[in-house]
Amino acid sequence: MSHRPVAVVLALGLALAACGTDAGDAGGKQEITVWLMKDSTTEDFASRFEAEFERDHPDLDLDLQVQEWNGITQKVTSALASTDPPDVIEVGNTQVAQYAASDGVADLSAKKTELGGDDWIPGLAEPGAVDGKQFGVPWYAANRVVVYRKDLFEAAGVTPPRTRDEWLAATDRLDEGDVQGIYLPGQNWYVLSGFVWDEGGDLARKSGDRWAGSLNTPEALAGADFYRRLQALGDGPKDSDEAKPQQTDVVAAGQVAQFIAVPGAAKLVEKANPALAGKLGFFPIPGKTADEPGAVFTGGSDLIIPLASPRQEGAYEVVKALAGEKWQVELAKAMNYVPNRTSLASAVGDDPGAAAMAAGAVNGHATPNSPNWAAVEARNPIKEFLTEVLTGADPATAAAEADQVITQALNSGT
C-alpha cells in the first residue's frame, strides 16, 4: 500500500543554557520538531492533540507542520544526517530499515514494553525492528480487504466466504454471463504476497548477511498457483496492475462481483457510479482455514526519533502519546485506520470497511526488512513473474529468474 505523506513539526524549545542553546519562548518551554505525513490525520485531530498534549506537558510547546510525500525519502535521509534534525518523524513502516541503516535513528528497544509493544500488530512492529532493535514505533495501519457487491452475492446465493476453498467456489458461481466473479489484475503483487505468506513462504529471506529471493520455493509457487486460479474467474488483464486501468473504474461499470482493495476504494466506486451506493460490502481476505483470515500486506506508518536530536526525552513523550491508547482510538475513529494494537481493533467503531480491515490486520505482514527493498520495487520482477505464471510459462523457471533480480538488488553494496 502507498503511504500518504504527513509531516507534523512539533516545536519544543530545549533550554540548554550551559551550551548556549536557544531556550525557546519566554516561558522557557522546550521546542521540538515532529514531522508527520500529509493526510495521516485530520486538522481537528492535530489541533486536539496539540492542545491536550501541551496541557499535560506544560514544559513543551508543539508546532504541527505537514510534509509532502514527494521527495520525503531524501528529506528524511538528509535530516538524519544533520546535527539538529526534527525530533519525531513519521515514516512508512517499510522504510524503517532504510533509515536505520544510516545509524541516525534512536533505538527504542528499552521502551517497547512501556509503549505496549507486546500488543502491537505484527505488520507494523516487524518492519520497525531491525537486527533485534526496535527503531520504529507503530502508529497506524491499513490493509486490503475484499470489497463485494451485496446484491450480486445475494442473487447468486452465496455469502462472504471464510476459507480459500469457499472463496474459489463462491467466485466460480458468481462468474456467470456478463458478471466477473472477481476483478484481479495480473500484477497485483501485494495480493500475491499474502497468498505466499499463507503458505509459509516469503518474497526473500536472509541468511547471515546475505539476502536471497525466495519465489522459487514450494511455498511461494503454491501461493502463485492460488493467485492463478482466482484470477482466472474474472477478466482482469494479465500484464498490468490495479492502476492500469484503475480497478475502481472497472468495478464502477457494474459488472464486477468483488475486488481486492483498501476499504476507501468503495467510495471511489460509488462516486463514479452513484447507483452502486449502499450495494458494496466488505470481508477480510479468506485464509486457508476459517480460524484465521488470509495474510495481508500491512501498510501504514511508524514513528522514529532521530539520534542526533538533543531533545530525546521530549520527543519520546510525543511518541508515547501518539502511540498510546487514547490517541490511537481517536486516530482510528477520525481516519478509519487500524490502531497499532490488536486489542484496540474494536476502536474502528461501526464502519464495516474498517471492521473488515481490522479483522484482517491480525495476520498482517510487511515486505522483507531490507534497506534495499525499495530497489526491488523499482524494478519489480515480482510483477513480471506473475504475468509469466498467468500466461502459461513454467512457474519455477519464471520464479528463478525473478529471484536473481531480487537477490542482486537486496545485496547491492554489501
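Residues numbered from 1 in each chain as written. Predicted model: local features only at pLDDT ≥ 70, side-chain atom pairs only at ≥ 80, totals over all residues. Heavy atoms only, no water.

- Looking at an unreviewed UniProt entry, one finds the protein chain named Sugar transporter and attributed to Saccharothrix yanglingensis.
- Its UniProt record gives the protein chain a comment under Sequence similarities (unreviewed entry), which states: "Belongs to the bacterial solute-binding protein 1 family." (UniProt positions renumbered as here; feature names shortened; annotations may be inferred.)

Describing the side chain of threonine 387
Next up, step 1: One can find threonine 387 in helix H15 (residues 381-390).
Next up, step 2: Ignoring anything within four residues of it in the chain, the contact list for threonine 387 reads Gln187, Lys238 and Asp239. (Helix = DSSP H or I, 4+ residues; strand = E, 2+ residues; numbered from the N terminus. Contact = heavy atoms within 4.5 Å.)

A short note on the side chain of threonine 248
Next up, step 1: Position of threonine 248 among the secondary structure elements: in helix H9 (residues 247-252).
Next up, step 2: Dropping the residues within four chain positions of it, threonine 248 is found in contact with Phe259, Ala265, Leu268 and Val269.

Some points on the packing of helix H8 (residues 218-231) against H15
Next up, step 1: In the contact formed by H8 and H15, the axes pass within 10 Å of each other and the chain directions differ by 60°. By the angle between their directions, the pair H8 and H15 is classed as oblique. Between H8 and H15 the crossing geometry is right-handed. Of H15, the residues touching H8 (which contributes Leu221, Ala224, Tyr227, Arg228 and Gln231) are Phe385, Leu386, Val389 and Leu390.
Next up, step 2: Of the residues belonging to the contact of H8 with H15, the class tally is 7 nonpolar, 1 polar and 1 charged. (Axes fitted to C-alpha atoms, helices over the stretch in contact; angles between N-to-C directions. Parallel < 35°, antiparallel > 145°, perpendicular 65-115°, else oblique. Left-handed = near helix turned anticlockwise from the far one by under 90°. Nonpolar A, V, L, I, M, F, W, Y, C, P; charged D, E, K, R; others polar.)

Section: helix H10 (residues 265-272)
Next up, step 1: Those residues of H10 that sit buried are Ala265, Ala266 and Val269. Mapping the buried residues of H10 onto a view down its axis gives an arc of 105°, with all of them on the same face. Summarising the geometry of H10, the exposed residues directed more than 90 degrees from the buried face are Lys267 and Lys271. (Buried < 20%, exposed > 50% of the residue type's maximum accessible area, 1.4 Å probe, protein only. Arc of directions from axis to C-beta.)

Structural notes on the sheet that holds strand S5 (residues 88-92)
Hydrogen bonds between backbone atoms are what pair the strands of a sheet, whose relative direction is either parallel or antiparallel.
Next up, step 1: The mixed open sheet is built from 6 strands, whose spatial order is S4-S2-S5-S15-S8-S16. Sheet topology places strand S4 (65-67) and strand S16 (338-339) at the edges, where each strand pairs with a single neighbour.
Next up, step 2: Of the pairings in the sheet, the one linking strand S8 (residues 137-142) to strand S15 (residues 299-304) comprises 5 bridges and is antiparallel in character. Its bridge partner lying in S15, alanine 141 is registered against glycine 300.
Next up, step 3: Contacts from helix H11 (residues 312-322) reach strand S2 (34-37), S5, S8 and S15, with the element oriented near 45° to S5. (Pairing = 2+ DSSP bridges.)

Details of the pairing of S5
Every other side chain in a regular strand lies on the same face of the sheet, so the side chains alternate between the two faces.
Next up, step 1: Burial of S5 is extensive: 5 of the 5 residues sit out of reach of the surface.
Next up, step 2: Burial along S5 is two-sided: Val88, Glu90 and Gly92 and Ile89 and Val91, pointing in opposite directions, are all buried.
Next up, step 3: Pairing geometry for S2 and S5, over 2 bridges, is parallel. Each residue of the ladder has a partner; that of tryptophan 35, found in S5, is isoleucine 89.

What to know about the packing of aromatic side chains
Next up, step 1: Applying the stated criterion to the full structure yields 15 aromatic pairs.
Next up, step 2: Consider the rings of tryptophan 167 and phenylalanine 195, whose centres lie 6.3 Å apart with planes at 70°: the pair is edge-to-face. Linking tryptophan 167 in helix H6 (residues 164-174) with phenylalanine 195 in helix H7 (residues 189-198), this pair joins segments that are 28 residues apart in sequence. Each member of the pair tryptophan 167 and phenylalanine 195 is classed as buried.
Next up, step 3: Chaining the aromatic ring pairs together yields one cluster made of Phe45, Phe49, Phe53 and Trp327.
Next up, step 4: We note arginine 164 situated over the ring of phenylalanine 226; from NZ or CZ to the ring centre the distance is 4.4 Å.
Next up, step 5: The lysine or arginine in question, lysine 326, covers the ring of tryptophan 327, its NZ or CZ lying 4.9 Å from the ring centre. (Phe/Tyr/Trp six-rings, centres within 6.5 Å; stacked < 30°, edge-to-face > 60°. Lys NZ or Arg CZ within 6 Å of the ring centre and 35° of its normal.)

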